[in-house]
Amino acid sequence: MTRGRTVVSRAPGKLFVVGEYAVVEPGNPAILVAVDRHVTVTVTVTGLEEAGVVISSDLRPHGTRWRWQDGRLSPCDTSDEQGARSGLAHVVSAIETVSALPAERGSSAPALSVSVDSGLHEGGTKYGLGSSGAVTVATVAAVAAFCGLTPTDEERFRLALLATAEIDPKGSGGDVAASTWGGWISYRAPDRAAALELARSRGVEEALRVPWPGFAARRLPAPEGLALEVGWTGSPASTTSLVSDLHRRNWRGTAAHLRFIRATTDCVCAAIGALEAGESRELLEQVRRAGRELARLDDEVALGVFTPRLRALCEAAEAVGGAAKPSGAGGGDCGIALLDAGAPRQLARLRERWASAGVVPLPIRPTAEGNEG
Ligand SMILES: Nc1ncnc2c1ncn2[C@@H]1O[C@H](COP(=O)(O)OP(=O)(O)OP(=O)(O)O)[C@@H](O)[C@H]1O
Ligand SMILES: C[C@@](O)(CCOP(=O)(O)O)CC(=O)O
């Protein structure tokens, strides 16, 4: 939405359905779904004399001023430089990445004021619903529109992926894809290091044009007759440290690693087939299988994917006839359960069991909406 010199963009959060960990390797598939909680980003003129950027966020007490230096932003106030750089890393990277486009055409860096408001945390504690991806997608869209650019969905996805990869190229970008396209999607990640290298060597504009090997994203039909329930463990987990931990272990390249990738890929492909064919029972079976693969990975490398609450979340869903698993990296955050939408008693029993295990049922639904603005 553009009003005068004000642009507003919002992007939904996400849940991983199946395919976690395997999807970080380029070309491997996962299924994600966008949810009806959003991040909203508003971009307007700064009102400052000099060209620069002001960023404010619902997670920080004050707005911070940033100045441009060779295409990069640095905080003007150095007293809390580290806090500003880490707390606003995704917003800053999204602004820098989009601003490279006018810069490559010889225009000067934009002056703008960016404000972030998020429904993906509770009092500052994240749910694990992909706030970093949603913030990046919404910031990219709002800054691009403010600069008079009209990128396509895929171009906005690519810009957001480059922005997140600048911070951590290990992330698959599944969150970015779900926040961009919305709905249920199948996603295969590109090689993020190669995409970054492309942008650095040939420019961001060129990186939006040439093919990204491995990358694919497409919408899937929503499952029929199934309710998606989301349980929150109340404890935030660090995806970056779990994925880095896995990279540090000697598991990669072992037979167990190859077996995990093969089994998870097979499971994701079967789940895609089940969604396309409207076979709910088969989808439930694949969700259970994906959960078992994660549990086996956890046993093999003692990663800490399954916390006691996530285990209780899964057991409760099984006990009432549903299928459940952690969503995302695990270690806390959320889990999902799929069960018969026409069985309200089962749903009620699930919520009761979750509540007594300390798992908070979140009133969240899948949404077909992607990034808007
Ligand atoms: N409201 C916000 N304002 C500004 N930046 C935000 C906001 N919410 C999230 N971010 C950015 O996202 C980062 C948090 O990412 P993190 O991966 O920890 O959470 P998440 O994406 O919600 O979780 P998950 O990856 O488990 O789904 C913050 O450091 C910040 O850069
Ligand atoms: C483990 C992983 O596959 C999923 C992480 O999901 P989340 O950010 O914890 O919701 C990592 C990734 O895809 O970037």
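Cut-off values and rules
- Residues numbered from 1 in each chain as written.
- Chains lettered and ligands numbered in written order.
- Predicted model: local features only at pLDDT ≥ 70, side-chain atom pairs only at ≥ 80, totals over all residues.
- Heavy atoms only, no water.
- Helix = DSSP H or I, 4+ residues; strand = E, 2+ residues; numbered from the N terminus.
- Buried < 20%, exposed > 50% of the residue type's maximum accessible area, 1.4 Å probe, protein only.
- Contact = heavy atoms within 4.5 Å.
- Areas by Shrake-Rupley, 256 points an atom, 1.4 Å probe, with all protein chains shown as cover.
- Pairing = 2+ DSSP bridges.
- Domains from an automatic or database assignment.
- Buried area = accessible area lost by both parts, 1.4 Å probe.
- Salt bridge = Lys/Arg side-chain N within 4 Å of Asp/Glu carboxyl O.
- Phe/Tyr/Trp six-rings, centres within 6.5 Å; stacked < 30°, edge-to-face > 60°.
- Core = buried A, V, L, I, M, F, W, Y, C linked by side-chain atoms within 4.5 Å.
- Axes fitted to C-alpha atoms, helices over the stretch in contact; angles between N-to-C directions.
- Parallel < 35°, antiparallel > 145°, perpendicular 65-115°, else oblique.
- Left-handed = near helix turned anticlockwise from the far one by under 90°.
- Nonpolar A, V, L, I, M, F, W, Y, C, P; charged D, E, K, R; others polar.
- Near = heavy atom within 4 Å.
- Polar contact = N/O pair within 3.5 Å; in protein donor to acceptor, adjacent residues only side chain to side chain.
- UniProt positions renumbered as here; feature names shortened; annotations may be inferred.

A. Layout of the overall build of the chain. Each helix and strand counted, the chain has 12 helices and 15 strands in total. Seen through its C-alpha atoms, the chain measures out along the principal axes to roughly 65 × 40 × 40 Å. Looking at the 373 residues of the chain, the share that counts as buried comes to 55%. At a minimum sequence separation of 6, the contacts of the chain that also span at least 24 residues come to 75%. Counting only carbon and sulfur atoms, one obtains 49% of the accessible surface of the chain, whose full area is about 15200 Å².

B. Quick look at the pairing of strand 10 (residues 184-188). Taken across its five residues, strand 10 has four buried, putting it largely inside the fold. Here strand 3 (residues 29-44) runs beside strand 10; their pairing, made up of five bridges, is antiparallel. Following the sheet pairing, Leu32 is matched in strand 10 by Ile185.

C. Inspection of the domain arrangement of the chain at higher detail. Domain boundaries assigned for the chain yield domain 1 (2-220) and domain 2 (226-362). Placing a centre on the C-alpha atoms of domain 1 and another on those of domain 2 gives a separation of 27 Å. Counting from both sides, the interface comprises 28 residues of domain 1 and, opposite them, 42 residues of domain 2. Here domain 1 packs against domain 2, burying approximately 2700 Å² in sum over the two surfaces, 72% of which is carbon and sulfur. There are four salt bridges connecting domain 1 and domain 2.

D. Expanded view of the packing of aromatic side chains. Per the counting criterion, the structure on display carries seven aromatic pairs. Centre to centre, the rings of Tyr127 and Trp232 are 4.7 Å apart; their planes meet at 75°, and the pair counts as edge-to-face. Of this pair, Tyr127 sits in the loop between strand 9 (125-126) and helix 3 (131-146) while Trp232 sits in strand 12 (residues 226-232), and the two are 105 residues apart along the sequence. An identical accessibility class is assigned to Tyr127 and Trp232; each is buried. Within the aromatic cluster, the residues linked to one another by ring pairs are Phe157, Trp181, Tyr187 and Phe215.

E. Region of interest: helix 8 (residues 239-248). Considered for burial, the residues of helix 8 that qualify are Leu242, Val243, Ser244, Asp245 and Leu246. Buried residues along helix 8 sit in contact with helix 10 (280-301).

F. Representation of the nonpolar core in the model. Counting 91 residues, the largest nonpolar core has Leu15, Ile31, Ile95, Phe157 and Tyr187 as its most contacted members. Top element by residues in this core is helix 3. It accounts for nine residues. Counting contributing residues, this core receives three or more from each of domain 1 (2-220) and domain 2 (226-362). In this view, Leu15 contacts Leu32, Val33, Val35, Leu129, Leu228, Val230, Ser327, Cys334 and Ile336; residues no more than four positions away in its chain are not counted. Judged by nonpolar contacts, the second largest core, of 31 residues, contains Ala227, Trp251, Ala337 and Leu350.

G. View of the packing of helix 9 (residues 255-277) against helix 10. Where helix 9 contacts helix 10, the two axes come as close as 9 Å, and the packing angle between them is 165°. It follows from the interaxial angle that helix 9 and helix 10 lie roughly antiparallel. Where helix 9 crosses over helix 10, the two elements pack in a sense that is left-handed. Facing Ala256, Arg259, Phe260, Ala263, Thr264, Asp266, Cys267, Ala270, Ala271, Ala274 and Leu275 of helix 9, the residues of helix 10 in contact are Glu282, Leu283, Gln286, Arg289, Ala290, Glu293, Leu294, Arg296, Leu297 and Glu300. Its residues assigned to classes, the contact of helix 9 with helix 10 comprises 12 nonpolar, two polar and seven charged.

H. Representation of the site of ligand 1 in the model. Around ligand 1 sit 20 residues in total, of which His90, Lys126, Gly130, Ser131 and Ser132 are the nearest. Here a nitrogen atom of ligand 1 sits 2.8 Å away from a polar atom, N or O, in the side chain of Ser57. Note that a nitrogen atom of ligand 1 is positioned 2.8 Å from one of the side-chain N or O atoms of Asp58. In isolation ligand 1 offers 640 Å² of accessible surface; the protein chains occlude 82% of this area. Counting residues per element, the ones that place at least two in the shell around ligand 1 are helix 1 (81-87), helix 2 (89-104), strand 7 (112-118) and helix 3. Residues belonging to the shell around ligand 1 are distributed by class as follows: six nonpolar, 10 polar and four charged.

I. Quick peek at the UniProt feature "domain: GHMP kinase C-terminal" (unreviewed entry) in the chain. UniProt records the feature "domain: GHMP kinase C-terminal" (unreviewed entry) for residues 287-353 in the present numbering. For residues 287-353, helix accounts for 55% and strand for 16%, while the C-alpha atoms at its two ends are 20 Å apart.

J. Looking closely at the packing of helix 4 (residues 153-167) against helix 6 (residues 192-202). Contact pair helix 4 / helix 6: the axes reach a minimum separation of 10 Å and the direction vectors enclose 105°. For the element pair helix 4 / helix 6, the angle class is roughly perpendicular. The segment helix 4 lies against helix 6, with Leu161, Leu162, Ala165 and Glu166 engaging Arg192, Ala195, Leu196, Ala199 and Arg200. Partitioned by chemical class, the residues of the contact of helix 4 with helix 6 number six nonpolar, no polar and three charged.

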